[in-house]
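# Architecture and fold: a report
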Amino acid sequence: MKKLKLFIVPILILFVFGGLLMQKVLSDERQLPNKNWSRDISFPINSEEKETPLVVSDGQHITVYIKNKQALSVLETDDNFQIFKQRKIPINLTKYDPYTVIDSNIFFISNKTLTFSDSEGKTKEIEKNVDGLANLSGNLVYWRNNEIYRLDQTTLSGKKIGSAKHPIQNIVAGNNPNIFLMVEKTDDYIYLTVLQKNGGQYEQKQLVKLTLPYNALLDGFNFVVHDQTMLITYYQFGSTHGGTYRNNYLVSFNLKKYKVDSKTVKLDVVDNETGLTFSTMNDLQINWINDQPVLLFSGIGPFYGGKEAQNIYLARQSHGQWQAQKISNTKNPSSKPVWMNNHAVLWNEFDGHSYILKGSSQNESIIQKSLHLKKEDWSDAMSTSLTQLAISLLIFVYALVWVIPASLFIIGLSMGNMTLMERNPRWIAVTAAVLFVITQLIFIQRLFNGKLQTFGPGYLHFVGASYVIPVIVALFAWFLTEWVKNKDWGNIQFISYFLLTDVLMIGFLVGPYTL
């Protein structure tokens, strides 16, 4: 029975502390990204490439389109994320082929040819040598160099409605059905021009000229209109001797006076969770919700277990500073977010093989539904727990320092007074244990660090935890050693088992969150 106890103790330690770790991981799995948003909900639709979902709403149902290499995947849902229909339209679009959907009809450009497709995938070529297209509140507009055309969707014939002064890079729609942004590009400048719908025509008013920096590009233009103010965001991507950089900018315009309200400012957004400024923000968009501008983007931030992951964030201004809150909590890279409506967001998560459509909502029923543990939550928790327990064994490297004084004490007595060691007086084991605990208390402080404070369970971070916990663990390890020891054990066997038990418990208790 005594020999069996020798093996029972480490097995019990593994199961007890492994169970505590798994409970913490499951708790983290169920954690909302913030109190107002649900955990991510998976939709049964994915893509081979990193694509921005296209969202089309008819007021009742919401249709989501995702480009794939062999077909256009379509999903019909609603504000409750209830799935009504799922299908594929046999249209072969590459990631470089722009497309849009108007009244279930699909318009796309492939090999510079504007093409029409119905909802069954039957196509018809409309016009060649087309550079781009845009859906302007149900009106299809396309352009060739600097000439702008509007398509009659009944006859599928185009009519020229104007021209730009420079080659058109893009035409962007926003939240106002009558105001659009035209981006023109030359070798040296980007020109931003407002297109304002007036009857069947679009009046042009140039806003600003942006200088193209050397060896850089300006792109990703988005805007939102509120009253007479137009807020435009864009990014600058370039290279330097040290590598590449990506900065995001915001500029405000007065549409009544058609002049810049404020200078172009670099967007510095702070993560509410860490207090750190995002070094990179991708897929940036701007919207106007609850009487204030809101930024939507993907960025890298903290994830449970002391790791970092690319997630989806919303940022609002507070006291003159942009502050972001996470609205996704995925461990795999999340990107290409898009508003489903003002209370829900969709994006893609890369699982290592393909991009899965995910969503998060402020709908209370969806929030409650998302808290239920799924099969993948259990499998992820098991995998994470086993990995972190294995990593925790690195604690034995730290323990090499902790055992030095106790080891030197035992070795010194053995060499100097073997007769005393053979008598096995109790005070030798006690002294060695005290030396070990004192040394441990000195060097273990670095393990009770910021990562443990952030990612560890509450019972591991309190005032004096770095002293109280090691002492409690040492006392418990001593008790277990007393319980399993054999009659013929000497001080060396006793103290060795005590040290092993103590280090194992400390490793499994603290290691998963700090190593």
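Now for a look at the structure at hand. All of these numbers come straight from a predicted model, not from anything done at the bench.

Criteria and thresholds
As a convention, each chain's residues are numbered from 1 in the sequence order in which they are written. Residues qualify for local features only when their pLDDT is at least 70, as the model is predicted, and side-chain atom pairs are given and counted only at 80 or more; totals for whole chains, interfaces and linings, by contrast, use all residues. No hydrogens and no water enter the side-chain calculation; it runs on all heavy atoms of the structure. Joining through side-chain atoms within 4.5 Å is the link that ties buried Ala, Val, Leu, Ile, Met, Phe, Trp, Tyr and Cys residues into a set, and such a set is a nonpolar core. Only protein chains enter the accessibility calculation, which uses a 1.4 Å probe; a residue is then buried when its area is under 20% of its type maximum, exposed when over 50%, and partly exposed in between. Helix and strand definitions follow DSSP, with helices as H or I runs of at least four residues and strands as E runs of at least two, each counted in order from the N terminus. It only takes one pair of heavy atoms within 4.5 Å for two residues to be counted as in contact. Working definition: rings of Phe, Tyr and Trp (its six-membered ring) pair if their centres are within 6.5 Å, and the pair is stacked with planes under 30 degrees apart, edge-to-face with planes over 60 apart, and tilted otherwise. Two conditions define a charge sitting above a ring: the NZ of Lys or the CZ of Arg must be within 6 Å of the ring centre, and it must be within 35 degrees of the ring normal. Pairing between two strands requires that DSSP report at least two bridges joining them. For every element, the axis is a line fit to its C-alpha atoms; helices are fit only across the contacting stretch, and the angle between N-to-C directions ranges from 0 to 180 degrees. Asp and Glu count as negative and Lys and Arg as positive, but His and the ends of the chain are not part of the count. We define a salt bridge as a contact between a side-chain nitrogen of Lys or Arg and a carboxyl oxygen of Asp or Glu at a distance within 4 Å. Should an angle lie under 35 degrees it is considered roughly parallel, over 145 roughly antiparallel, and from 65 to 115 roughly perpendicular; all remaining angles are considered oblique. The crossing is said to be left-handed when, going from far helix to near helix, the turn is anticlockwise and less than a right angle, and right-handed when the turn is clockwise. Three classes are used, and their members are as follows: Ala, Val, Leu, Ile, Met, Phe, Trp, Tyr, Cys and Pro are nonpolar, Asp, Glu, Lys and Arg are charged, and the others, Gly among them, are polar. Each patch is built from residues that are more than 30% exposed by relative accessible area and take part in no salt bridge. Like charges join if they lie within 9 Å; nonpolar side chains (Val, Leu, Ile, Met, Phe, Trp, Tyr) join within 5 Å. Shrake-Rupley sampling with a 1.4 Å probe provides the accessible areas, and residues are treated as covered by the protein chains on show and by no other component.

## Quick notes on the nonpolar core
Counting residues in each nonpolar core, the largest one holds 53 residues, and the members touching the most others are Trp402, Phe436 and Phe498. At the level of secondary structure, the elements contributing two or more residues to this core comprise helix 1 (2-29), helix 3 (375-392), helix 4 (395-402), helix 5 (404-416), helix 6 (418-423), helix 7 (426-443), helix 9 (465-484) and helix 10 (491-514). In terms of residue count, the dominant contributor to this core is helix 10 (13 residues). Beyond its immediate sequence surroundings of up to four residues, Phe436 is in contact with Trp402, Val403, Ala406, Phe498, Leu499, Asp502 and Val503.

## Re the packing of aromatic side chains
Applying the stated criterion across every chain yields a total of 16 aromatic pairs. Ring centres of Trp489 and Tyr497 lie 5.7 Å apart, and the angle between their planes is 50°; on these two criteria the pair is classed as tilted. This pair shows no difference in class: Trp489 is buried, exactly as Tyr497 is. Above the face of the Tyr189 ring, Lys209 is positioned so that its terminal group lies 4.4 Å from the ring centre.

## Focus on the sheet that holds strand 29 (residues 344-350)
Here four strands make up an open sheet; going across it, the order is 1-30-29-28 and the pairing antiparallel. Unpaired on one side and paired on the other, strand 1 (41-47) and strand 28 (334-341) mark the two borders of the sheet. Within the sheet, the average angular offset between the axes of one strand and its neighbour, ignoring direction, is 25°. Bridge analysis of strand 29 against strand 30 (residues 355-361) gives seven bridges, and the strand direction is antiparallel. Directly across from Glu349, in strand 30, lies its bridge partner Ile356.

## A short note on the sheet that holds strand 3 (residues 62-67)
Spatially, 2-3-4-5 is the arrangement adopted by the four strands of the open sheet, whose pairing is antiparallel. The sheet terminates laterally at strand 2 (54-57) and strand 5 (85-89), the two strands that pair on one side only. In this sheet, adjacent strand axes meet at a mean angle of 20° when their direction is disregarded. As paired elements, strand 3 and strand 4 (residues 72-77) share six bridges and run antiparallel to each other. Bridge assignment links Ile66 to a residue of strand 4, and that residue is Ser73.

## Re the pairing of strand 18 (residues 216-226)
The pairing of strand 18 with strand 19 (residues 229-240) spans nine bridges and is antiparallel. Paired with Val225 across the two strands is Met230, which belongs to strand 19. Between strand 18 and strand 19, which pair antiparallel in sequence order, lie two residues; one of them, Asp227, sits at a positive phi of approximately 55°.

## Description of the environment of Leu114
With respect to the helices, strands and loops of the structure, Leu114 is situated in strand 8 (residues 113-117). Residue Leu114 is classed as buried on the basis of its relative accessible area of 0%. Once the C-alpha coordinates of Leu114 and Pro98 are considered, the two residues, 16 residues apart in sequence, prove to be 9.7 Å apart. Setting aside chain neighbours within four positions, we find Leu114 in contact with Phe108, Ile109, Lys124, Glu125, Ile126, Glu127, Val130, Leu133, Leu140 and Tyr142.

## Comments concerning the side chain of Glu76
By secondary structure assignment, the location of Glu76 is in strand 4. Buried and without a salt bridge, Glu76 has Arg87 as its closest oppositely charged side chain, separated by 4.4 Å.

## Re the packing of helix 9 against helix 10
Remark: helix 9 packs on helix 10, axes separated minimally by 9 Å, with the N-to-C direction vectors making an angle of 135°. On the basis of the axis angle, helix 9 is oblique to helix 10. Like other packed secondary-structure pairs, helix 9 and helix 10 cross with a definite hand, here right-handed. Two secondary-structure elements touch here, helix 9 through Ile469, Pro470, Val473, Ala474, Phe476, Ala477, Trp478, Leu480, Thr481, Glu482 and Val484 and helix 10 through Phe494, Tyr497, Phe498, Thr501, Asp502, Met505, Ile506 and Leu509. Considered class by class, the residues forming the contact of helix 9 with helix 10 number 15 nonpolar, two polar and two charged.

## A word on the environment of Ser117
Among the secondary structure elements, Ser117 is positioned in strand 8. Between the alpha carbons of Ser117 and Phe84 there is a distance of 22 Å; along the sequence they are 33 residues apart. Aside from chain neighbours lying at most four places away, what touches Ser117 is Ile89, Ile91, Asn105, Ile106, Phe108, Lys122 and Thr123.

## What to know about unusual backbone geometry
Unlike most non-glycine residues, Asp283 shows phi in positive territory, near 60°. Mapping Asp283 onto the fold places it in strand 24 (residues 282-289). Judged by its relative accessible area of 18%, Asp283 falls in the buried class. Positive phi is not limited to glycine here, since Asn290 has a value of about 55°.

## As for a nonpolar patch on the surface
On the surface, Val401, Ile404, Leu408, Val430, Val434, Ile438, Ile442 and Phe443 cluster together into a nonpolar patch covering about 680 Å² of accessible area. For the nonpolar patch, the elements supplying multiple residues, two or more each, are helix 5 and helix 7. If one sorts the elements of the nonpolar patch by residue count, helix 7 sits on top with five residues. Its place among the elements puts Leu408 in helix 5. Taking the relative accessible area as the measure of exposure, Leu408 reaches 57% and is therefore exposed.

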